[in-house]
Amino acid sequence: MSEEPGADAAPQLVPLNAIFATDFVQILVPVTTANTMQEVAAAVAYHVEGRRVRALPYQKVVIYQGERLPAEMTVAAAGLKPLDHIAVEYDIPEGS
Amino acid sequence: MALLKREEWQGFVRDVDWSYSYVDDEAVYPEWHSGTGKVPRAAWQVWEESYKVTYPEYVATQREKETSAYAVKAALQRSATWEGLDEGWKSATKMHFGGVSLSEYAAVLAELKMARFGLNGAWRNMAVFGELDELRHASITTFFGHEFISRDPQYDWTLKTYQTNDWVAISLRNLFDGMMSSANVVDIALQLPLVFETGFTNLQFVALAADALASGDVNFANMISSIQTDEARHSQQGGPTLEILVEHDPVRAQWVVDKTFWASARALAALTGTSMDYYTPLEHRKQSYREFMEEWIIDQFIRTIEQYGLRKPWYWDEFMQGLDIWHHALHMGLWVWRPTIWWRPMAAVSPDERAWLAEKYPNWEKVFGDKWDVIIDNVNAGNVPATLPETLPWLCSTCHLPCCNATQSRNGTWRVRDFPLSYDGRTYHFCTKACRQIFWKDRANVNHLTVVDRFLAGQIQPMDVGGILAYMGLTPDVMGDDPDYQAWTKDYAGRPAEGLVATAAAQS
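This one's a predicted model, so the numbers in the text were calculated from it and none came from an experiment. (Residues numbered from 1 in each chain as written. Chains lettered and ligands numbered in written order. Predicted model: local features only at pLDDT ≥ 70, side-chain atom pairs only at ≥ 80, totals over all residues.)

Draft legend 1. View of the overall build of chain A. Regarding its fold elements, chain A presents two helices and five strands. Over its C-alpha atoms chain A spans a radius of gyration of 13 Å, differing by no more than 12% from the 12 Å that the globule rule assigns to 96 residues. With respect to the three principal axes, the spread of C-alpha positions in chain A is 45 × 25 × 20 Å. Counting every position in chain A, which comprises 96 residues, the buried fraction comes to 45%. Within chain A, contacts between residues at least 6 apart in sequence are counted, and of these 64% link residues at least 24 apart. (Helix = DSSP H or I, 4+ residues; strand = E, 2+ residues; numbered from the N terminus. Rg over C-alpha atoms; globule rule 2.2 N^0.38 Å. Buried ≥ 20, exposed ≤ 12 C-beta atoms within 10 Å, placed from the backbone. Contact = placed C-beta atoms within 7 Å.)

Draft legend 2. Examining the nonpolar core more closely. Formed by 165 residues in total, the largest nonpolar core has its most connected members in A:Ala18, A:Val88 and B:Met180. Among the elements that line this core, the one with the most residues is helix α9 (residues 185-214) of chain B, at 16 residues. Residues in contact with A:Ala18, not counting those within four places in the same chain, are A:Gln26, A:Ile27, A:Val29, A:Val44, A:Ile86 and A:Val88. (Core = buried A, V, L, I, M, F, W, Y, C linked by C-beta atoms within 7 Å.)

Draft legend 3. Looking closely at unusual backbone geometry. Of the consecutive residues B:Gln461 and B:Pro462, the connecting peptide bond is found in the cis state with omega at -10 degrees. With respect to the element layout, B:Pro462 can be found in the loop between α19 (451-456) and α20 (465-472). Of note in this structure, A:Leu83 is not a glycine but carries a positive phi near 75 degrees. The residue A:Leu83 is located in the loop between α2 (75-78) and β5 (85-90) in this model. Phi is positive for B:His400, close to 65 degrees, though the residue is something other than glycine.

Draft legend 4. Local environment of the interface of chain A and chain B. Listed per partner, the contact involves 23 residues of chain A and 35 residues of chain B. The set of elements that each furnish at least two residues to the side of chain A that touches chain B consists of β1 (13-20) and β2 (27-32) of chain A.

Draft legend 5. Quick look at the packing of α9(B) against helix α12 (residues 250-279) of chain B. Residues and elements named next belong to chain B. Where α9 meets α12, the closest approach of the two axes is 10 Å, and the angle between their N-to-C directions is 20 degrees. Taken together, the axes of α9 and α12 lie roughly parallel to each other. Helix-helix and strand crossings are classified by hand; for α9 and α12 the assignment is right-handed. Between α9 and α12, the residues in contact are Asp-187, Leu-190, Gln-191, Val-195, Phe-196, Gly-199, Phe-200, Leu-203, Gln-204, Ala-207, Leu-208 and Asp-211 and Val-256, Val-257, Thr-260, Phe-261, Ser-264, Leu-268, Leu-271, Thr-272, Ser-275 and Met-276, respectively. For the contact of α9 with α12, the class distribution of residues is 13 nonpolar, seven polar and two charged. (Axes fitted to C-alpha atoms, helices over the stretch in contact; angles between N-to-C directions. Parallel < 35°, antiparallel > 145°, perpendicular 65-115°, else oblique. Left-handed = near helix turned anticlockwise from the far one by under 90°. Nonpolar A, V, L, I, M, F, W, Y, C, P; charged D, E, K, R; others polar.)

Draft legend 6. Inspection of the packing of α9(B) against helix α11 (residues 238-248) of chain B at higher detail. All names here are of chain B. Two elements in contact, α9 and α11, have axes separated by 8 Å at closest approach and are oriented at 125 degrees. Overall, the two elements α9 and α11 adopt an arrangement that is oblique. When the axes of α9 and α11 are compared, the crossing they make is left-handed. Counted together, Val-186, Ala-189, Leu-190, Pro-193, Leu-194 and Thr-198 of α9 and Gly-238, Gly-239, Thr-241, Leu-242 and Leu-245 of α11 form the full contact between these two elements. For the contact of α9 with α11, the class distribution of residues is seven nonpolar, four polar and no charged.

Here is the structure:
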């Protein structure tokens, strides 16, 4: 199994430690190496948004090791590994 | 023949010891059990308990206590007292029975280990009394909880909890295995009698006894008060042990005390903090958890360690900040993951209850109010399923409790931060800096996998909510639910509520 699967490799499961915005707890969120950051953000938000954290009308962004990851970047391309921690935040425009 | 007076024989028998000639001392007191470390063997000869007791005195006193506790129980058994108790308070007792009964039995084994491997006759003698105490506590707690099984199957977890793979039970086993089962007797004497029993059983037994009486649960108050009188006596095993260890190995003494205080504080935040500030009905609360901690635990702990020449633990600021956060976050976690527990957690966030919380904890609304508001609005929208979990909380690799401790940023916002550690080819996550530090220094001792670890290792099948609940031993008749959603949501009914899960779906 290669560490960085190519486009033709079967997606690998990547369980993440995730926190959504102002939620009170880190949660387990499984994604795959093929998921984009937009999909990862949605997977994390699914468990929290509108359930414990009021939904806001903004895009969501994945933050990994202090860096914002582009929405179309895949988990494999971002180098996210199983058990890594990510935060998902609303991308609130300045002045909002 | 006339009996000798107590003072004529006690000094002789209380510390009977002898030198071995046919076997090595090491064979009788192996280091991995006796744990003398840097303390010279001879130094233990001066070990002396401050309150001395003889076996006849012990038996007479304990008989009296047992008679009294069971007399009250027998009288109340015929009354309808239990039926009239608040559901929140019943939850506090279910949590106590399940969390404590077999933990007391673990303490029996720890006391027996001290009774066998303690390096002074008086210490071993004292530990025999301690073991008899703990056996009584395991029995009385199990027996009192057992009575209610016919009325409510959740009380069946009085005996069951400790033997399940419920995440709360694993957290307790992790705590007590480190404190009692795997430790040598010197460390046990510091961890169990000194830190846990001198400090923290006060919290569960004294604070909860007051709340029990106020809530009308005389039987429970009577039971835990009876237990606490034993704790007060046998907890003094720790003092003389610490005195000797501080003299010969102060670094070890400081470390053992520090890590046990922290581990105990984490567990009791879940066990007692939630009971005091949420499950006890508002009108019956005597003190907030923080107030009780400050008055009964912190002042006493600081006095004790200073008396022995130890310093405040390195994590003190983090601990004090946690008094405003830990148990509130754990309460929310227990409520959200309520199908995984054996009691019915009352959310207890009505306007009056929130006003009390905000008065006692000025940051409560800022840190927790927004989440409860969304939960309340979901309940009032008829969408209780939206408040139920579909994944696991991440559990700390040291305390096994959810990673849920928000801290304040310089800009004033509150966020749950990650405290990771890469070790031995994998990444671990911790709820706090101190839990990470304890894991690192004790990494050779940590041997329980969290439920998240077990899930990811494929030990839980099928890998879904049903599989997780079955793995934990939860059955539909036992798994927790809020006993009265209306009680804490009705005052908010009809207010505008945006950004709920259905609304979010419509926006996308």
